[in-house]
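Structural description and commentary
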Amino acid sequence: MVDLLKSREDIDRIDRQIISLLEERMDIAKNVAEYKISVGKKVYDKQREDEKLETLGSLASNEFNKHAAQELFTQIMSISRKLQYTLVKTESVSKSFEAIDKLPITADTKVVFFGQEGTYTQQCMEDYFGTDIDSFNELTFRKVMEAVKEGRADYGVLPIENSSTGGISDIYDLLLEYDNYIVGEHVVQIQNALLGLEGATIENLKTVYSHPQPLMQCAKFLEEHDYIEKKEYLSTAASAKKVMEDGDITQAAIGSKKAAGCYGLKILKDSINFDNTNCTRFIIIANQKIFLKDANKVSICFELPHKSGTLYNMLSHFIYNNLNMVKIESRPINGKNFEYRFFVDVEGNLCDAGVINALRGIKEEASSVRVLGNIKKE
Ligand SMILES: C=C(O[C@@H]1C=C(C(=O)O)C=C[C@H]1O)C(=O)O
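What you are looking at is a predicted structure, and each value in this text was computed from that prediction instead of being measured. (Residues numbered from 1 in each chain as written. Predicted model: local features only at pLDDT ≥ 70, side-chain atom pairs only at ≥ 80, totals over all residues. Heavy atoms only, no water.)

1. A closer look at a negative patch on the surface
- Together, Asp3, Glu9, Asp12 and Asp15 line one region of the surface with negative charge.
- Here Asp15 shows up in helix α1 (residues 4-39).
- In this structure Asp15 comes out as partly exposed when scored by relative accessible area, which is 38%. (Patch = residues over 30% accessible without salt bridge, like charges linked within 9 Å, V, L, I, M, F, W, Y side chains within 5 Å. Areas by Shrake-Rupley, 256 points an atom, 1.4 Å probe, with all protein chains shown as cover. Salt bridge = Lys/Arg side-chain N within 4 Å of Asp/Glu carboxyl O. Lys, Arg positive; Asp, Glu negative; His and termini not counted. Charge placed at Lys NZ, Arg CZ, Asp CG, Glu CD. Helix = DSSP H or I, 4+ residues; strand = E, 2+ residues; numbered from the N terminus. Buried < 20%, exposed > 50% of the residue type's maximum accessible area, 1.4 Å probe, protein only.)

2. Focus on the UniProt feature "domain: Prephenate dehydratase" (unreviewed entry) in the protein
- Feature annotation in UniProt assigns "domain: Prephenate dehydratase" (unreviewed entry) to the following positions: residues 110-287.
- What you have in residues 110-287 is 33% helix and 33% strand, and the ends, taken at the C-alpha atoms, are 13 Å apart. (UniProt positions renumbered as here; feature names shortened; annotations may be inferred.)

3. Focus: the packing of helix α3 (residues 63-88) against helix α11 (residues 310-320)
- Where α3 contacts α11, the two axes come as close as 11 Å, and the packing angle between them is 55°. When the axis of α3 is compared with that of α11, the two are oblique. For α3 against α11, the interelement crossing comes out right-handed. Every residue of α11 that contacts α3 at Gln75, Ser78, Ile79, Arg81, Lys82 and Tyr85 is listed here: Tyr312, Asn313, Ser316, His317 and Tyr320. (Axes fitted to C-alpha atoms, helices over the stretch in contact; angles between N-to-C directions. Parallel < 35°, antiparallel > 145°, perpendicular 65-115°, else oblique. Left-handed = near helix turned anticlockwise from the far one by under 90°. Contact = heavy atoms within 4.5 Å.)

4. What about the packing of aromatic side chains?
- Scanning the model with the defined rule gives seven aromatic pairs in all.
- Between the aromatic rings of Tyr128 and Phe129, the centroid separation amounts to 5.0 Å while the plane-to-plane angle is 65°, which identifies the pairing as edge-to-face.
- According to the relative accessible area criterion, Tyr128 is partly exposed, its value standing at 27%.
- Between Tyr209 and Tyr233 the ring centres are 5.8 Å apart and the planes differ by 70°, which places this aromatic pair in the edge-to-face class. Note that Tyr209 is positioned in strand β8 (residues 207-210) and Tyr233 in the loop between β9 (229-232) and α9 (236-246), a separation of 24 residues in sequence.
- Look at Tyr233 and you get partly exposed, because its relative accessible area is 32%.
- One aromatic cluster is present, built from ring pairs that chain together Tyr128, Phe129 and Tyr155.
- Here the basic side chain of Lys82 rests over the ring of Tyr320, its NZ or CZ set 5.6 Å away from the ring centre. (Phe/Tyr/Trp six-rings, centres within 6.5 Å; stacked < 30°, edge-to-face > 60°. Lys NZ or Arg CZ within 6 Å of the ring centre and 35° of its normal.)

Rendered as structure tokens:
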């Protein structure tokens, strides 16, 4: 049997050779980048890489090593491209974003929020902008997006993610559709209460109205009271208003304590959400490509070719540039069954070299990429 120390010495010797060859290969990749700059050729040459993997695989003496060689060279070529992107310096996807010191907020600033008087979104808006602003409401997410896009409001406030039930997928889709940008975020504690008319009791309820999100956040309570029919409605506040207007004591709404006060309802039961730490993250949107100089979270969206390994390869741009990914969501692409677009949040600022490098690589290798915003995280 060969001695362990001897084997390790041999491995160390081979590894030194690999490093020296790797450095030599990287220097040649730099020459390739210079050539590509001079003729305007793209860094990524898929056909060349596929051919190389085929040839290199065939040099190995058994199936295990063939797979190993192909895996290793997939990584080596991916790293060689990353080096080339830093040299080729293609136009950054974030180039048109403007860094600012503070969000412009004046007495004339108009803010649109989702829902109506008494929604959690209104509470978020007041926490974020204070109460001395000119605000109006819209009853759907789409209408909030529209008002911001058309400039009828400078900012919009929308929920994007709940701690118990996850991402609010409609918002992701609408962000892309309307070309609006995320410029801020705020997290609000959500304690959902069951609201009813004077004289109503939980035992005698027949119907409960609320927005689909709070209905999900209160799923356990509603399962335990399955004689109450759940009905999705526009917003928590709109549900409270409906119960008040219908004047039927068998109806209830799920919403905030504030909504109870706004619409003259009483609290039949407080905190019926299944998770006591329930909170929602709201986003502040604008139709301007602006970000704070001290922003530290970048949100991007990309689409990938429908092939194995593409997501892994795309995420490698964050890992290689030492960026911490804090969120990933996928959404189906309409018209392309079972193809997905990914929404990713990473820590960083659009001015950071690592962020610029990662975005360059993703722009070259994804089917499409967009920066949705760069905000200061809470
Ligand atoms: C080095 C090149 O650029 C990229 C990297 C490759 C590699 O490291 O072998 C191969 C093809 C390109 O995607 C090249 O075009 O030859």
